[in-house]
Amino acid sequence: MSAVQRPRIGIIGTGAIGGFYGLMLARAGFDVHFLLRSEYPAVSTKGLVLKSAVHGALTLNPVQAYNNAADMPRCDWLLVGAKTSSNASLAPAISQVAAEGAKVLLLQNGLAVEDELRPLLPDHLHLLGGLCLICVHRAEAGVIEHQALGTVNIGYHSGPATAEERQQITAAGADMFKTAGVDSMAAAELGQARWQKLVWNVPYNGLSVLLNSGTTGLMANVSSRALIAAIMDEVVAGAGACGYQIPEDFAAKMLKATERMQDYLPSMYHDYAHQRPLELHAIYAAPLAAAAAAGQSMPRIEALYQALQFMDQRNTQG
């Protein structure tokens, strides 16, 4: 990808995800602009710092940082790294920063996040989903710690593109990340990719909060490991009821891969620890509703969701 062809990129939500990918893209020579809220003072003065077990210690300074979308230039790609609970409130900023025909890529967990944001965006924008397979968290304002992985799988959701153009757009997005040294590929079916990521996210995110444990502790205990496997099976069954057939050995591979991982505290654990709202709607409510509509119950996931609702309410409301 030559410098002439490189698009202007906007990062909407510069937390761990937006900060990591935005920093990598900027260091690769892309014109990247970061929209921040509470972290604006720290990032605008000290830059972004990445402490990565994969890429080493990297710093981006100065950063093209903004605390108001109105001050940003119009961008060809918008990478949304904010929590899904912020999407509705961010829609006006996304629309304001987007160039005509821009690609909006949601780097978020959960199900149906694109369905809920689409009606709030102009018809001329392309909406895509990005599945981030990464172990990363924000250590402090402007400082990101990256333990492992980093792959982004990109799927087209909706917009004015033809079938051929959709393939071109997802391929261009993948090439953009590859240029920055990040593995990436186009996902043929976005819904399939989102359900497959839920196989990991549903058990580990919620149980890390409920049982106050990282992945190593969860996998070392016979009872919690059995519960994780049973929850994974429910996700696979829910996906199947919704028309997405996940390979029979997929959950087993996820379990084995997690056993080999360095101890990891999922994003929901960090949100709970910092008394931030949990992403319960996208990761639990939406899959439960989709499966129920297809006639499939997921009782363990329902119970986990109910317990997390209690903990989230008590945690955020004092």
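Residues numbered from 1 in each chain as written. Predicted model: local features only at pLDDT ≥ 70, side-chain atom pairs only at ≥ 80, totals over all residues. Heavy atoms only, no water.

Here the focus is the overall build of the protein chain. Along the backbone of the protein chain there are 12 helices and 10 strands. In summary, the protein chain has a C-alpha radius of gyration of 19 Å against a globular reference of 20 Å for 318 residues, a match within 12%. Its C-alpha atoms give the protein chain principal-axis dimensions of about 55 × 45 × 35 Å. By element, 51% of the accessible surface of the protein chain is carried by carbon and sulfur atoms, the whole surface being about 13,700 Å². (Helix = DSSP H or I, 4+ residues; strand = E, 2+ residues; numbered from the N terminus. Rg over C-alpha atoms; globule rule 2.2 N^0.38 Å. Areas by Shrake-Rupley, 256 points an atom, 1.4 Å probe, with all protein chains shown as cover.)

Attention shifts here to the packing of aromatic side chains. Enumeration over the complete set of coordinates arrives at 5 aromatic pairs. For the pair W200 and Y204, a centre-to-centre distance of 4.5 Å together with 25° between the ring planes defines the contact as stacked. With a gap of 4 residues between them, W200 and Y204 both fall in helix α6 (residues 190-210), about one helical turn apart. According to the relative accessible area criterion, Y204 is buried, its value standing at 0%. Residues Y284 and Y305 carry aromatic rings whose centres are separated by 6.4 Å and whose planes lie at 10° to one another, so their mutual orientation is stacked. Of this pair, Y284 sits in helix α11 (residues 280-293) while Y305 is found in helix α12 (residues 299-317), placing the two residues 21 residues apart along the sequence. A network of ring pairs unites the aromatic residues F20, Y21 and F177 as a single cluster. Its guanidinium or amino end placed over the ring of F30, R6 lies 4.7 Å from that ring's centre, counting from NZ or CZ. (Phe/Tyr/Trp six-rings, centres within 6.5 Å; stacked < 30°, edge-to-face > 60°. Buried < 20%, exposed > 50% of the residue type's maximum accessible area, 1.4 Å probe, protein only. Lys NZ or Arg CZ within 6 Å of the ring centre and 35° of its normal.)

Our focus in this paragraph is the pattern of salt bridges. Considering all chains together, one arrives at 9 salt bridges under this definition. Across the pair R8 and D31 runs a salt bridge, and its minimum N-O distance is 3.1 Å. Of this pair, R8 sits in strand β1 (residues 8-12) while D31 sits in strand β2 (residues 31-35), and the two are 23 residues apart along the sequence. Classification of R8 by relative accessible area gives partly exposed; the value is 31%. Relative accessible area serves as the criterion here: at 28%, D31 is assigned to the partly exposed category. For R138, the salt bridge identified is with E39, shortest N-O distance 2.6 Å. In this pair, R138 sits in strand β8 (residues 126-140) while E39 sits in the loop between β2 and α2 (40-46), placing the two residues 99 residues apart along the sequence. On the accessibility criterion, R138 (29% relative accessible area) is partly exposed. Judged by its relative accessible area of 8%, E39 is buried. Salt bridges sharing common partners tie together K83, D271, R276 and E279. (Salt bridge = Lys/Arg side-chain N within 4 Å of Asp/Glu carboxyl O.)

What follows covers the packing of helix α8 (residues 222-241) against helix α9 (residues 250-260). Relative orientation of the contacting elements α8 and α9 amounts to 145°, with a least axis distance of 10 Å. The handedness of the crossing between α8 and α9 is right-handed. For the pair formed by α8 and α9, the contact residues are R225, I228, A229 and M232 on the first element and A251, M254, L255 and E259 on the second. Tallied by class, residues from the contact of α8 with α9 come to 6 nonpolar, no polar and 2 charged. (Axes fitted to C-alpha atoms, helices over the stretch in contact; angles between N-to-C directions. Left-handed = near helix turned anticlockwise from the far one by under 90°. Contact = heavy atoms within 4.5 Å. Nonpolar A, V, L, I, M, F, W, Y, C, P; charged D, E, K, R; others polar.)

The subject of this paragraph is the environment of W200. Assessed through its relative accessible area of 14%, W200 is described here as buried. Taking the C-alpha atoms as reference points, W200 and Y156, separated by 44 residues in sequence, lie 22 Å from one another. If near-sequence neighbours (up to four positions away) are discounted, W200 is found in contact with N205, T215, M232, M254, T258, Y264 and P266. One polar contact links W200 to T258, side chain to side chain, over a distance of 2.9 Å. (Polar contact = N/O pair within 3.5 Å; in protein donor to acceptor, adjacent residues only side chain to side chain.)

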